[in-house]
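So the chains spell out like this:
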Amino acid sequence: MKESNFAVPDIKEKENELKKKLDHSGLPCHIAIIMDGNGRWAMQKGMPRAEGHRAGVESLREIVRLCVELHIKVLTVYAFSSENWKRPQEEVNVLMDLLVEYLYNEMRELHENNVRINPIGRIDRLPESAGMALQASVNKTSGNKGLVLNIALNYGGRLELVDAARKIAKKVKEGKLDPESINEETLADHLYTVGLPDPDLLIRPAGDFRVSNFLLWQLAYTEFWLTSVMWPDFKKVTLLQAIIDFQHRERRFGGLIHS
Ligand code: FPP
């Protein structure tokens, strides 16, 4: 009890201290996050994996709020990959239930904060309850012009490229597109992220150094920020630290540094 009495002001203080260090003119436009480590976080605490996912939703809630506050334009979170179906059915069900719960609980606040919910991935293959909750949240928030919250669901970076290739091939077949005119922009225009800038910053918690089939095309020049902090422990201060570190990077996009 005593500990938490002290811990809360400490975190607030740290948060304010880090906020002062932020350069508001150099914020990343688009932040992408692989929300990893829920299972390990729970196991380390002797709890079922589901509790890790539940705690992970709390982190998501907190991070979305900070992105709104900082006027970040796009946040993309990896919530369920096309490979996650390999997990035990019980865990898949927990994740889908949490998604539905999150959407119905948060929809109003997200809408009030001008957030547009934008699911990306093969979402037509999700369970009906998840499809319905997504449809409702997309409908409610479709006119919003603030933060775009991309929720990657049944998402695979390679599948996204396959889907883009199919859409392009269809247009070529119908005589609507000249194959010679296909360029990088054409490809980008057929991705799930059409119209959005590529991520400036990719964050991966939980200590692994993999891309895990996430945004394979879009990450070409993204800065990576890796931490051993597990996603359920990833809080506003962690995101602020990541952004501050990002602001000290030198991005050259394949060019040279100007002296
Ligand atoms: C990876 O942790 C995380 C996931 C597969 C799911 C991420 C989901 C959430 C944060 C909650 C649900 C999402 C929404 C949008 C409500 P892991 O289980 O692979 O962790 P581990 O590597 O430690 O096992």
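This is a predicted model, so every value here is computed, not measured.

**Comments concerning the overall build of the protein chain**
Inference 1: Regarding its fold elements, the protein chain presents 8 helices and 6 strands.
Inference 2: Against the globule reference of 18 Å for 259 residues, the protein chain gives a C-alpha radius of gyration of 19 Å, in line with a compact fold.
Inference 3: Reported as C-alpha extents along the three principal axes, the dimensions of the protein chain are approximately 70 × 55 × 35 Å.
Inference 4: Across the 259 residues in the protein chain, those meeting the buried criterion constitute 46%.
Inference 5: For the protein chain, the proportion of contacts with a sequence separation of at least 24, taken over those separated by at least 6, is 79%.

**Observations concerning the site of the ligand**
Inference 1: Taken together, the neighbourhood of the ligand is formed by 19 residues, with Met 35, Asp 36, Arg 40, Arg 49 and Arg 87 sitting nearest.
Inference 2: The backbone of Gly 37 places a nitrogen or oxygen atom 3.3 Å from an oxygen atom of the ligand.
Inference 3: Between the ligand and the protein, one listed contact pairs an oxygen atom with a side-chain N or O atom of Arg 87 at 2.7 Å.
Inference 4: Burial of the ligand by the protein chains amounts to 92% of its free accessible area of 630 Å².
Inference 5: Elements that contribute at least two residues to the shell around the ligand include exactly α2 (38–44), α3 (49–70) and α4 (89–112).

**Let's talk about the sheet that holds strand β1 (residues 30–34)**
Inference 1: With parallel pairing, 6 strands are arranged side by side in an open sheet as β3-β4-β2-β1-β5-β6. Among the strands making up the open sheet, the edge pair consists of β3 (116–120) and β6 (223–226). Within this sheet the neighbouring strands show an average axis-to-axis angle of 20°, counted without direction.
Inference 2: The sheet contact formed by β1 and strand β2 (residues 74–81) spans 5 bridges and is parallel. Looking at the pairing, Ile 33 lines up with Val 77 of β2.
Inference 3: Against the sheet, α4 makes contact with β2, β3 and β4 (148–155), and its axis sits at roughly 165° relative to β4, the strand it touches most.

**Section: the nonpolar core**
Inference 1: Membership of the largest hydrophobic core comes to 48 residues, with the highest contact counts inside it found for Ile 31, Ile 33, Leu 75, Leu 149, Ile 203 and Leu 239.
Inference 2: Those elements that provide at least two residues to this core are β1, α3, β2, α4, α5 (128–141), β4, β5 (201–204) and α8 (236–247).
Inference 3: A per-element tally of this core places α4 first, with 9 residues.
Inference 4: The contact partners of Leu 239, leaving out residues within four places of it in the chain, are Ile 31, Ile 63, Leu 66, Cys 67, Ile 203 and Phe 234.
Inference 5: Residues Ile 34, Tyr 78, Tyr 155 and Tyr 192 belong to the second largest nonpolar core, which totals 11 residues.

**Details of the confidence of the model for the protein chain**
Low-confidence regions, as indicated by low pLDDT, have predicted coordinates that should not be scrutinised in detail.
Inference 1: Looking at the protein chain as a whole, the pLDDT averages 96, with 97% of positions reaching at least 70.
Inference 2: Across the protein chain, β1 holds the top mean pLDDT of 99, while helix α1 (residues 2–21) sits lowest at 81.

Cut-off values and rules
- Residues numbered from 1 in each chain as written.
- Predicted model: local features only at pLDDT ≥ 70, side-chain atom pairs only at ≥ 80, totals over all residues.
- Heavy atoms only, no water.
- Helix = DSSP H or I, 4+ residues; strand = E, 2+ residues; numbered from the N terminus.
- Rg over C-alpha atoms; globule rule 2.2 N^0.38 Å.
- Buried < 20%, exposed > 50% of the residue type's maximum accessible area, 1.4 Å probe, protein only.
- Contact = heavy atoms within 4.5 Å.
- Near = heavy atom within 4 Å.
- Polar contact = N/O pair within 3.5 Å; in protein donor to acceptor, adjacent residues only side chain to side chain.
- Areas by Shrake-Rupley, 256 points an atom, 1.4 Å probe, with all protein chains shown as cover.
- Pairing = 2+ DSSP bridges.
- Axes fitted to C-alpha atoms, helices over the stretch in contact; angles between N-to-C directions.
- Core = buried A, V, L, I, M, F, W, Y, C linked by side-chain atoms within 4.5 Å.
- pLDDT = per-residue confidence, 0-100.

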